[in-house]
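Residue-level listing of the chains:
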Amino acid sequence: MIRLNGRIKTVVLFGIAIIFLIVVTMVGAFFSEAAMVTDFSRKDLAPGARYLFGTDWLGRDMFIRTLTGLSMSIRIGILAAGVSSVLALLLGTLAATMGKAVDAAITWVIDLVMGIPHILLLILISYAFGKGFKGVVIGVALTHWTSLARVIRGEVLQLKEALYIQTAKKLGVSNAQIAWKHMFPHLYPQFLVGLILMFPHAILHEASITFLGFGLPPEQPAIGVILSESMKYLAMGRWWLALFPGLFLVLTVILFDVAGESLRKLLDPGSVHK
Amino acid sequence: MKEKKTVLNIRDFSVSFEQYERGFHKTVLPVIRNLDVTVHEGEMVAVVGSSGSGKSLLAHGILGILPYNATMGGEIWYDGELLTPKRQKMLRGNEIVLVPQSIAFLDPLMKIGSQIRKGKKDKASKARLDKIFEGYHLKEEVQGLYPFELSGGMNRRVLVSTALMGNPKLVIADEPTPGLHMDMVRRVMSHFRELADKGAGVLLITHDLEQALEVADRVVVFYAGTTVEDAAASDFQAQETLRHPYSKALWRALPQNGFQFIKGTQPYVKELPDGCPFGPRCEYCTAECQKEIAYREVQGGRVRCVHA
Amino acid sequence: MVLEAKEISFRYGKESRQILNDFSLQIESHERVGIVAPSGFGKTTFCKILAGYEMPDQGEVLLDGKPLDTYRGYCPVQMIWQHPEQVVNPRLRMREVLKEGDEIGEDIIEGLGIEEDWKKRFPAEISGGEMQRFCIARALGKRTKFLLADEISTMLDLITQSQLWSFLIEEVERREIGLLAVSHSMPLLERVCTRICYLEKS
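Description of the structure in this document. All figures in this text were calculated on a predicted structure; none of them were measured in a lab. (Residues numbered from 1 in each chain as written. Chains lettered and ligands numbered in written order. Predicted model: local features only at pLDDT ≥ 70, side-chain atom pairs only at ≥ 80, totals over all residues. Heavy atoms only, no water.)

Observations regarding the overall build of chain C
Here comes step 1: Per the secondary structure count, chain C includes six helices and nine strands.
Here comes step 2: For chain C, the C-alpha radius of gyration of 17 Å lies close to 17 Å, the compact-globule estimate for 202 residues.
Here comes step 3: Dimensions of chain C, computed from the C-alpha atoms along their principal axes, are close to 45 × 35 × 35 Å.
Here comes step 4: Across the 202 residues in chain C, those meeting the buried criterion constitute 59%.
Here comes step 5: Long-range contacts, defined here as pairs at least 24 residues apart, represent 73% of the contacts in chain C between residues at least 6 apart.
Here comes step 6: Element-wise, carbon and sulfur atoms account for 46% of the exposed surface of chain C, whose accessible area totals about 8400 Å².
Here comes step 7: One way to put it: in chain C the 26 positive side-chain charges average out to a point 4 Å from where the 33 negative ones average out. (Helix = DSSP H or I, 4+ residues; strand = E, 2+ residues; numbered from the N terminus. Rg over C-alpha atoms; globule rule 2.2 N^0.38 Å. Buried < 20%, exposed > 50% of the residue type's maximum accessible area, 1.4 Å probe, protein only. Contact = heavy atoms within 4.5 Å. Areas by Shrake-Rupley, 256 points an atom, 1.4 Å probe, with all protein chains shown as cover. Lys, Arg positive; Asp, Glu negative; His and termini not counted. Charge placed at Lys NZ, Arg CZ, Asp CG, Glu CD.)

Written out as structure tokens, the structure reads:
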């Protein structure tokens with residue numbers, strides 16, 4: 001067998017995680033119609049060769065429903081985490097560059113958001129925006145930006161004091177050039193990794209508020225909806241209704257985490273020695 | 001004159017690193033290729049090389065604290081026996097001590113006194129510390145302070161005191177005076193001189209030749225991963241008593257000796273020439289210089305040059 | 001041109017020690033002034049004030065009679081630091097570092113012995129001596145009128161030291177750039193400077 005060095009291993013891991021996630025998202029989106037199809041001739045089937053994850057009480061194929069649900073979750077996750085990280089970048093940079101008053105205000109908001117239990121705040125926001133897709137995305141986006149904003153604020157503050165940036169100023173380099181040439185290369189790895197590590201949180205939180213009934217509407221085949229509905233049937237011995245969607249949700253979350261961690265390793269300049 | 005006992009004898013020491021280049025390529029960087037040093041009892045030996053030439057790795061190698069991606073070669077003999085990782089662990093901090101570059105190496109949350117005593121609270125070590133501090137004009141209160149509360153002058157003395165607690169036979173000082181003013185350098189150096197005069201072997205690792213010449217008995221000249229010359233400090237009084245063309249070039253570059261320079265720079269680790277690393281800059285360079293060159297004795301010192 | 005420091009006082013923060021007290025110095029374009037002072041005098045701080053990195057609590061820095069901070073954009077007073085690795089962005093290739101300077105000519109790059117191959121590298125891939133050459137080149141832009149050299153060769157070997165200084169002396173003489181050199185080494189300053197200031201602690 002070929003011996004792989006550490007860096008190649010990390011890249012392979014990253015690749016596998018990303019490819020799996022993309023495939024799930026695409027396939028799920030493609031079958032979103034099929035996930036709704038009911039067929040009473042095949043209801044309540046246990047997992048088998050024909051229906052990998054079995055079927056439910058309406059005869060819907062659970063494998064397709066799981067994929068569609070995950071695809072939905074991932075898309076919500078990406079959208080919410082994307083909005084959230086842009087918010088983090090903006091607020092973090094503003095806090096570090098716009099003077100004491102702005103910094104104090106933003107830091108206060110960060111502390112406030114971090115101080116309230118996530119799930120509670122999420123439910124409130126999602127409910128206020130009328131639940132559904134919009135409510136969930138806004139809710140997740142508004143609650144997940146804080147720690148990344150804090151990291152970016154710290155990084156920018158430190159960069160501002162760096163002698164090489166002060167020297168660049170004395171050499172007449174413009175502020176835009178300093179931001180682009182000197183600050184951006186330091187920030188983007190942090191930003192990218194922060195963004196990817198935000199996905200699993202976003203996905204889990206989406207699933208949990210949907211499960212609790214404050215998120216996506218019940219007609220959507222979301223993982224939260226599937227899990228919530230299958231609770232009633234667990235006692236009747238239909239274990240497959242909850243097991244497979246649950247496992248796949250965990251797998252997705254873990255893979256996002258793996259992708260983020262391996263990316264962090266690759267972008268860290270210290271890793272050249274490993 | 002009685003032959004002094006050899007404390008440390010390093011032969012053919014080398015250190016290389018594994019490193020990723022851009023992409024997935026892994027390369028080996030031979031940072032130190034041929035390093036030979038001996039230190040006798042009561043002697044102060046300075047290893048002089050330009051900063052960034054990897055000479056600190058020598059200190060780390062002796063103490064067995066090289067980073068994990070480094071590979072070490074050659075032999076280190078301490079007190080007549082080969083220095084194994086097991087012995088390193090046992091001896092470091094007791095018989096072999098490192099004087100670090102700055103107070104950044106001290107634990108900021110531990111009071112000076114207990115830090116230097118390594119947490120020991122028995123009477124003997126307390127009395128010992130009191131005596132050491134007295135010798136350095138450090139008041140007893142200093143023991144109760146935290147590292148950040150020390151003034152610049154004090155922390156130098158505290159760092160040297162750390163070396164004294166264990167009755168060291170070998171003291172390694174790695175660049176102990178970076179950016180200090182000359183008066184301060186002299187003071188710190190005199191502390192090391194005292195340690196040597198009391199019988200310990202002192203290995204000073206520095207980039208500053210002038211400073212080394214002031215205090216050391218012998219100077220080992222380190223160039224691009226190789227020790228090129230081992231000379232008595234007094235040999236540096238005139239160009240003629242020096243053996244290697246690089247040492248001579250150093251001598252001529254001293255501001256008081258003409259401030260002359262030769263062209264070129266020390267080669268990068270990845271582009272070391274075969275044979276003598278100084279070859280490409282040397283006016284005496286011949287075909288022979290591109291082969292392996294022996295480290296041989298010449299006029300009471302040692303040199304790695306075929307023309308000396 | 002004249003660079004003047006007028007009755008400068010400075011300390012970092014309210015609680016800390018007074019570093020500079022009513023300190024004045026004048027440098028003219030054709031001069032190379034050396035400063036010798038005991039440790040703790042605040043030589044680096046003084047250089048930073050002269051180059052506009054710090055504002056003095058009292059007093060002012062004048063370039064040709066005008067306060068230094070009225071010069072916008074490129075600062076005619078450039079500083080070279082003791083530790084070049086602190087003033088170079090670790091994520092920029094050396095070529096980019098050179099580009100930050102003000103139209104650095106080939107003659108400067110050649111005079112400092114900067115090799116083409118080094119420009120492709122990142123700061124972590126070259127030695128301190130090589131990096132200092134880049135920093136000196138970068139500070140010698142077209143509009144530089146005064147140069148402050150704060151222990152620039154302390155961390156380098158003797159041969160590099162004499163290479164760099166020999167080039168610098170010739171360059172500043174030719175272009176009539178005023179030079180301020182701070183060093184702990186008297187023999188070096190005697191070689192380099194036209195005038196040496198001995199300072200006592202205030």
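Some points on helix H7 (residues 163-170) of chain A
The α-helix advances 3.6 residues per turn, and as a result positions three or four apart in sequence lie on the same side.
Here comes step 1: H7(A) sits mainly inside the fold: seven of its eight residues count as buried.
Here comes step 2: Within the sequence span of H7(A), burial applies to Leu163(A), Tyr164(A), Ile165(A), Gln166(A), Thr167(A), Ala168(A) and Lys170(A).
Here comes step 3: Those residues of H7(A) hidden inside the fold are in contact with helix H6 (146-161) and helix H8 (175-212) of chain A together with strand S6 (77-80) and helix H4 (128-139) of chain C.
Here comes step 4: Phi for Gly172(A), located one or two positions after H7(A), is positive at around 80 degrees.

Let's talk about the side chain of Thr68(A)
All names here are of chain A.
Here comes step 1: Within the element layout of this structure, Thr 68 appears in helix H2 (residues 62-97).
Here comes step 2: Judged by relative accessible area, which is 4%, Thr 68 ranks as buried.
Here comes step 3: Setting aside anything within four residues of it in sequence, one finds Thr 68 in contact with Gly 28, Phe 31, Ser 32, Ala 35 and Pro 221.

Focus on the packing of aromatic side chains
Here comes step 1: By the definition in use, this model includes 13 aromatic pairs over all chains.
Here comes step 2: Arranged with centres 5.6 Å apart and planes meeting at 20 degrees, the rings of Phe184(A) and Tyr188(A) form a pair that is stacked. A residue pair is termed a helical-turn pair when its members lie 3 or 4 positions apart in one helix, as Phe184(A) and Tyr188(A) do in helix H8 at four residues.
Here comes step 3: Among the residues examined, Phe184(A) registers a relative accessible area of 39% and is labelled partly exposed.
Here comes step 4: Classification of Tyr188(A) by relative accessible area gives partly exposed; the value is 35%.
Here comes step 5: Taking 6.2 Å as the distance between ring centres and 50 degrees as the angle between the ring planes, the aromatic pair formed by Trp239(A) and Phe244(A) counts as tilted.
Here comes step 6: A residue is classified by how much of its surface remains accessible, and Phe244(A), at 18% relative accessible area, is buried.
Here comes step 7: One aromatic cluster is present, built from ring pairs that chain together Trp180(A), Phe184(A) and Tyr188(A).
Here comes step 8: Over the aromatic face of Tyr53(C) sits the side chain of Lys170(A), whose NZ or CZ is 5.8 Å from the ring centroid.
Here comes step 9: Here Arg304(B) stacks its cationic end above the ring of Tyr295(B), 4.3 Å away from the centre of that ring. (Phe/Tyr/Trp six-rings, centres within 6.5 Å; stacked < 30°, edge-to-face > 60°. Lys NZ or Arg CZ within 6 Å of the ring centre and 35° of its normal.)

Considering the side chain of Asp103(A)
All names here are of chain A.
Here comes step 1: As for its placement among the helices and strands, Asp 103 is situated in helix H3 (residues 100-115).
Here comes step 2: Residue classification places Asp 103 among the buried residues on the basis of a relative accessible area of 15%.
Here comes step 3: With residues up to four places along the chain from it excluded, the contact list for Asp 103 reads Ala 95 and Arg 153.

Quick look at the sheet that holds S6(C)
Residue and element names in this part refer to chain C.
Here comes step 1: Overall, parallel pairing links the five strands, which are arranged S6-S7-S8-S3-S9 in an open sheet. The open sheet has two edge strands, S6 and strand S9 (195-198), and neither has a second partner. Between one strand and the next, the sheet's axes are offset by a mean angle of 20 degrees, whatever the strand orientation.
Here comes step 2: Sitting on the sheet, H4 is in contact with S6 and strand S7 (146-150), with an inclination near 175 degrees to S6. (Pairing = 2+ DSSP bridges. Axes fitted to C-alpha atoms, helices over the stretch in contact; angles between N-to-C directions.)

A word on helix H9 (residues 223-234) of chain A
Here comes step 1: If you check H9(A), its first and last C-alpha atoms are 16 Å apart, about what twelve residues at 1.5 Å a residue would give, namely 16 Å.
Here comes step 2: For H9(A), the complete set of buried residues consists of Ile223(A), Gly224(A), Val225(A), Ile226(A), Leu227(A), Glu229(A), Ser230(A) and Tyr233(A). (Expected span 1.5 Å × (residues − 1).)

Thoughts on empty space enclosed by the protein
Here comes step 1: Applying the stated criterion to the full structure yields nine cavities of 30 Å³ or more.
Here comes step 2: Quantified by volume, the largest cavity comes out at close to 160 Å³.
Here comes step 3: Lining the largest cavity are 17 residues; nearest its centre among them are Glu210(B), Ser153(C), Thr154(C), Gln161(C) and His184(C).
Here comes step 4: Elements represented by at least two residues in the lining of the largest cavity include exactly helix H7 (209-215) of chain B together with helix H5 (158-175) of chain C.
Here comes step 5: It is H5(C) that contributes the most residues to the lining of the largest cavity, three residues altogether.
Here comes step 6: Per-class residue counts for the lining of the largest cavity are seven nonpolar, seven polar and three charged. (1 Å grid on protein atoms, 1.4 Å probe; cavity = no way out; pocket = protein on both sides within 12 Å on 5 of 7 lines; lining within 4 Å. Points joined across faces, edges and corners; volume = space filled by probe spheres on them. Nonpolar A, V, L, I, M, F, W, Y, C, P; charged D, E, K, R; others polar.)

Some points on the interface of chain A and chain C
Here comes step 1: The interface of chain A with chain C comprises 17 residues on the first partner and 19 residues on the second.
Here comes step 2: With both chains or domains summed, chain A and chain C bury close to 1600 Å², and 58% of this area falls on carbon and sulfur atoms.
Here comes step 3: When the buried area of chain A at its contact with chain C is split by residue, Leu163(A), Lys170(A) and Leu171(A) rank highest and sum to 42% of it.
Here comes step 4: The interface formed by chain A and chain C contains one salt bridge.
Here comes step 5: Measuring nitrogen to oxygen at the nearest pair gives 2.9 Å for the salt bridge that ties Lys181(A) to Glu96(C).
Here comes step 6: Applying the counting rule to chain A against chain C returns nine residue pairs in polar contact (both at pLDDT 80 or more).
Here comes step 7: Those elements that provide at least two residues to the side of chain A that touches chain C are H7 and H8 of chain A.
Here comes step 8: Looking at which element gives the most residues to the side of chain A that touches chain C, the answer is H7(A), with seven residues. (Buried area = accessible area lost by both parts, 1.4 Å probe. Salt bridge = Lys/Arg side-chain N within 4 Å of Asp/Glu carboxyl O. Polar contact = N/O pair within 3.5 Å; in protein donor to acceptor, adjacent residues only side chain to side chain.)

Examining the nonpolar core
Inside soluble globular proteins, nonpolar side chains tend to come together where they are buried.
Here comes step 1: Judged by nonpolar contacts, the single largest core of 73 residues is most densely connected at Leu3(C), Phe46(C), Val77(C), Leu147(C), Leu148(C), Trp165(C) and Leu180(C).
Here comes step 2: Not counting the four nearest positions on each side in its chain, Val77(C) is found in contact with Leu3(C), Leu50(C), Ala51(C), Leu63(C), Leu68(C), Phe146(C) and Leu148(C). (Core = buried A, V, L, I, M, F, W, Y, C linked by side-chain atoms within 4.5 Å.)

A short note on the sheet that holds strand S4 (residues 58-63) of chain C
All names here are of chain C.
Here comes step 1: Sheet architecture is open: four strands sit in the order S2-S1-S4-S5, paired in antiparallel fashion. Taken across any chain shown, the strands that pair with only one partner, and hence form the sheet edges, are strand S2 (20-28) and strand S5 (66-67).
Here comes step 2: Docked against the sheet, helix H1 (residues 43-50) engages strand S1 (2-10), S2 and S4, running at close to 125 degrees with respect to S1.

As for a nonpolar patch on the surface
Residue and element names in this part refer to chain A.
Here comes step 1: Residues Ile 119, Leu 120, Leu 124, Phe 211, Leu 212, Met 231, Leu 234, Trp 239, Leu 243 and Leu 247 make up a contiguous nonpolar surface patch of roughly 900 Å² in combined accessible area.
Here comes step 2: Elements supplying a minimum of two residues to the nonpolar patch: helix H4 (118-128), H8, H9 and helix H10 (240-267).
Here comes step 3: Position of Met 231 relative to the elements: it lies in helix H9.
Here comes step 4: We classify Met 231 as partly exposed; its relative accessible area is 39%. (Patch = residues over 30% accessible without salt bridge, like charges linked within 9 Å, V, L, I, M, F, W, Y side chains within 5 Å.)

Overview of the interface of chain B and chain C
Here comes step 1: The interface of chain B with chain C comprises 29 residues on the first partner and 31 residues on the second.
Here comes step 2: Counting the surface lost from both chain B and chain C, the interface buries some 2500 Å², and carbon and sulfur atoms represent 57% of this.
Here comes step 3: One can count one salt bridge joining chain B with chain C.
Here comes step 4: The closest approach of N and O atoms between Arg121(C) and Glu271(B), which form a salt bridge, is 3.0 Å.
Here comes step 5: Summed over the shared surface of chain B and chain C, the result is six residue pairs in polar contact (both at pLDDT 80 or more).
Here comes step 6: Of all the secondary-structure elements, those providing two or more residues to the side of chain B that touches chain C are H7 and helix H8 (245-253) of chain B.
Here comes step 7: Top element by residues in the side of chain B that touches chain C is H8(B). It accounts for four residues.

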